[in-house]
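Each chain is listed here by its residues.
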Amino acid sequence: MPIGGIESVVYGVDDLDVSARFYDDFGLKAVRRSDAEVVYRLDEGSRVVLRHAEDPSLPPRHYDGCGVRETFYGVDSREELAHYAERIGADRELRWSGDGDTIHFLADGGIPLGLRLWRRQPVVYAPDPVNAPDNVKRLNQHRRWRVRAVPKTINHVVWRVADIHACFAFFRDRLDFRMTDYQKDAGVFGRPAAAAQHHTVYFQKFDALPPFTQGFDHIAFGVEDIDEIYAGWNYMERRGHRNPLGGVGRHRIASALFCYFDAPCGGMAEYGADTDYLDDNWVPRVWEARFGGFMWTSRVLPFLPEELSWEVSLDQSALPQGAIPVKVRYPAEPAVDSHG
Ligand SMILES: [Fe+2]
């Protein structure tokens, strides 16, 4: 299989204890704690690793402040790993580690990435059915009582960058990512060929939204449904964590429910649920950035004081050049451009 989901993220943080307390409250399960690192493992087998910002194992900083310093995507065979190593290493430095099961390199835009041999574990979710008048899915059955959130998946990582097109082009041309939607002059959504979630990466033009700096923006984790998001928000707020958007909302692009928190380990951490899932029949759309960004929120956001006009298009000529995905040479086919 080509590249799948996110296997792990490695943070560089200023305060390991404070950062670990945040992710403990957030609902991640720690499997290792030492003075040097804290490792969380999610049910799908992915991991979040916290290390000191100056830990020599981390790649050099490529932005100011704390946050994710290296992101690893999973591939499920050594043959695939070797294939990508050859493609990526053709014109840039590439380092192997572990038992030959990991490669490290810099993507365009200077973003440190890795690929690692990894098989994602399927996660068993069973959200409560939703009732509506004359469409009863739960009879004599209440919804589960949530207490707090316990994320089971890593959904996506977001970077604020100067050139969203160059950054995405590397993922498309070297890692076989698909562009799934495009926010005009603001951002590009992408997913790997072997992952069906609407996006696992998003490149946001750094000056489109505060804080108007380049670097790590946020990481999103998957929870089961809207109740788990709200229960998680209440729990986090009681523990003193700040929700910068003042509540929960639903993105129009990807349909995903969201709830963000400022994270002391850098950037934000997001609970997400009910996102769209796609295959290669999906046609990327072109969105006015703010209209695509939000369908509703707990309170009216300061930068969305009025209802926006509906601006979305399937006009493929409005996509950035080269946005149409190149078919992967998979399995063992020569690379073929999708235009023939
Ligand atoms: Fe997000």
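Keep in mind that what you see is a predicted model, and the values were worked out from it rather than measured. (Residues numbered from 1 in each chain as written. Predicted model: local features only at pLDDT ≥ 70, side-chain atom pairs only at ≥ 80, totals over all residues. Heavy atoms only, no water.)

**Student:** Which parts of the structure should I look at to understand the coordination of the iron ion?
**Tutor:** Each pair of donors in an ideal four-coordinate tetrahedral metal site encloses 109.5 degrees, whereas pairs in an ideal six-coordinate octahedral site enclose 90 or 180 degrees. Within the first shell, the iron ion binds the protein through His156 (NE2), His218 (NE2) and Glu270 (OE), at distances of 2.1 to 2.2 Å. The sequence motif formed by the donor residues of the iron ion is H-x61-H-x51-E. Of this pair, histidine 218 sits in strand E13 (residues 215–222) while glutamate 270 sits in strand E16 (residues 268–273), and the two are 52 residues apart along the sequence. For histidine 218, a relative accessible area of 6% gives the class buried. Taking the relative accessible area as the measure of exposure, glutamate 270 reaches 2% and is therefore buried. (Donors = N, O, S within 2.8 Å, 3.2 Å for Na, K, Ca; no water. Helix = DSSP H or I, 4+ residues; strand = E, 2+ residues; numbered from the N terminus. Buried < 20%, exposed > 50% of the residue type's maximum accessible area, 1.4 Å probe, protein only.)

**Student:** What exactly am I supposed to notice about a negative patch on the surface here?
**Tutor:** A contiguous patch of negative charge on the surface is contributed by Asp14, Asp15, Asp17 and Asp35. On the secondary structure map, aspartate 15 appears in the loop between strand E1 (6–13) and helix H1 (16–26). Taking the relative accessible area as the measure of exposure, aspartate 15 reaches 37% and is therefore partly exposed. (Patch = residues over 30% accessible without salt bridge, like charges linked within 9 Å, V, L, I, M, F, W, Y side chains within 5 Å. Areas by Shrake-Rupley, 256 points an atom, 1.4 Å probe, with all protein chains shown as cover. Salt bridge = Lys/Arg side-chain N within 4 Å of Asp/Glu carboxyl O. Lys, Arg positive; Asp, Glu negative; His and termini not counted. Charge placed at Lys NZ, Arg CZ, Asp CG, Glu CD.)

**Student:** What exactly am I supposed to notice about H1 here?
**Tutor:** Residues spaced three or four apart along an α-helix point in a common direction, a consequence of the helix completing one turn every 3.6 residues. For H1, the set of buried residues is Leu16, Ser19, Ala20, Phe22, Tyr23, Asp25 and Phe26. With a side-chain oxygen positioned 3.1 Å from the backbone nitrogen of aspartate 17, the residue opening H1 is aspartate 15. With its phi angle positive at about 115°, glycine 27 sits one or two positions after the end of H1. (Polar contact = N/O pair within 3.5 Å; in protein donor to acceptor, adjacent residues only side chain to side chain.)

**Student:** Would you mind showing me how to read empty space enclosed by the protein here?
**Tutor:** Over the atoms, a rolling probe the size of a water molecule traces out where space has been left empty. According to the stated counting rule, one finds 1 cavity of 30 Å³ or more in the structure shown. There is about 70 Å³ of room inside the largest cavity. Every residue along the wall of the largest cavity is listed here: Asn155, His156, Gln197, His198, His199, Ala220, Ala256, Leu257, Glu270, Gly272, Ala273 and Thr275. Where the lining of the largest cavity is concerned, the elements lending two or more residues are strand E9 (153–161) and E16. Counting residues per element, the lining of the largest cavity draws most heavily on E16, which supplies 3 residues. (1 Å grid on protein atoms, 1.4 Å probe; cavity = no way out; pocket = protein on both sides within 12 Å on 5 of 7 lines; lining within 4 Å. Points joined across faces, edges and corners; volume = space filled by probe spheres on them.)

**Student:** Where do I start with the sheet that holds strand E6 (residues 95–97) in this structure?
**Tutor:** The strands making up a sheet are joined through hydrogen bonds of the backbone, oriented either antiparallel or parallel. With mixed pairing, 8 strands are arranged side by side in an open sheet as E2-E3-E4-E1-E5-E8-E7-E6. Taken across any chain shown, the strands that pair with only one partner, and hence form the sheet edges, are strand E2 (30–33) and E6. Direction aside, neighbouring strands of the sheet carry axes that sit 20° apart on average. Note: strand E7 (residues 102–107) against strand E8 (residues 111–117), 6 bridges, orientation antiparallel. Directly across from threonine 102, in E8, lies its bridge partner arginine 116. Contacting E1, E2, strand E3 (37–41) and strand E4 (47–52), H1 runs over the sheet at an angle of about 160° to E4. Strands strand E5 (67–75), E7 and E8 of the sheet are contacted by helix H3 (residues 164–175), whose axis makes an angle of about 140° with E7. (Pairing = 2+ DSSP bridges. Axes fitted to C-alpha atoms, helices over the stretch in contact; angles between N-to-C directions. Contact = heavy atoms within 4.5 Å.)

**Student:** In this structure, what is going on with the environment of isoleucine 164? I would like to understand it.
**Tutor:** Mapping isoleucine 164 onto the fold places it in helix H3. Since its relative accessible area comes to 3%, isoleucine 164 is described here as buried. Each C-alpha atom, one on isoleucine 164 and one on alanine 186, is 7.9 Å from the other, the two residues being 22 residues apart in sequence.

**Student:** Looking at this structure, how should I read the UniProt feature "domain: VOC" (unreviewed entry) in the chain?
**Tutor:** Residues annotated by UniProt as "domain: VOC" (unreviewed entry) correspond here to residues 5–122 and 153–274. As annotated, residues 153–274 comprises 20% helix and 39% strand, and the C-alpha atoms at either end are separated by 13 Å. (UniProt positions renumbered as here; feature names shortened; annotations may be inferred.)

**Student:** What am I meant to see in the pattern of salt bridges here?
**Tutor:** A pair can form between side chains of opposite charge whenever their charged atoms are brought close. Applying the stated criterion across every chain, the model contains 29 salt bridges. Here glutamate 7 ties to arginine 47 by a salt bridge, and the two come within 3.2 Å at their closest N and O atoms. Taken together, the residues glutamate 7 in strand E1 and arginine 47 in strand E4 connect sequence positions 40 residues apart. For glutamate 7, a relative accessible area of 3% translates into the label buried. When its relative accessible area of 24% is taken as the criterion, arginine 47 is described as partly exposed. Between arginine 146 and glutamate 228 there is a salt bridge, with its nearest N and O atoms 3.7 Å apart.

**Student:** For this particular structure, what's the right way to read the layout of surface pockets?
**Tutor:** As a volume, the largest pocket reaches approximately 880 Å³. For the lining of the largest pocket, the elements supplying multiple residues, two or more each, are E9, strand E12 (201–205), E13, strand E15 (257–262), E16 and helix H5 (289–293). Class assignment for the residues of the lining of the largest pocket results in 19 nonpolar, 9 polar and 7 charged. What the second largest pocket holds in volume is close to 590 Å³. (Nonpolar A, V, L, I, M, F, W, Y, C, P; charged D, E, K, R; others polar.)

**Student:** Would you explain the sheet that holds E15 in this entry?
**Tutor:** Overall, mixed pairing links the 11 strands, which are arranged E18-E14-E15-E16-E13-E9-E12-E11-E10-E17-E19 in an open sheet. Edge positions in the open sheet fall to strand E18 (296–297) and strand E19 (312–313), since each of these has one partner strand only. Pairing between strand E10 (residues 178–183) and strand E17 (residues 285–287): 3 bridges, direction parallel. Residue pairing in the sheet places aspartate 181 in a bridge with arginine 285 of E17. Strands E13, E15 and E16 of the sheet are contacted by H1, whose axis makes an angle of about 10° with E16. Relative to the sheet, helix H4 (residues 226–238) contacts E15, E16 and E18, its axis offset from that of E15 by approximately 15°.

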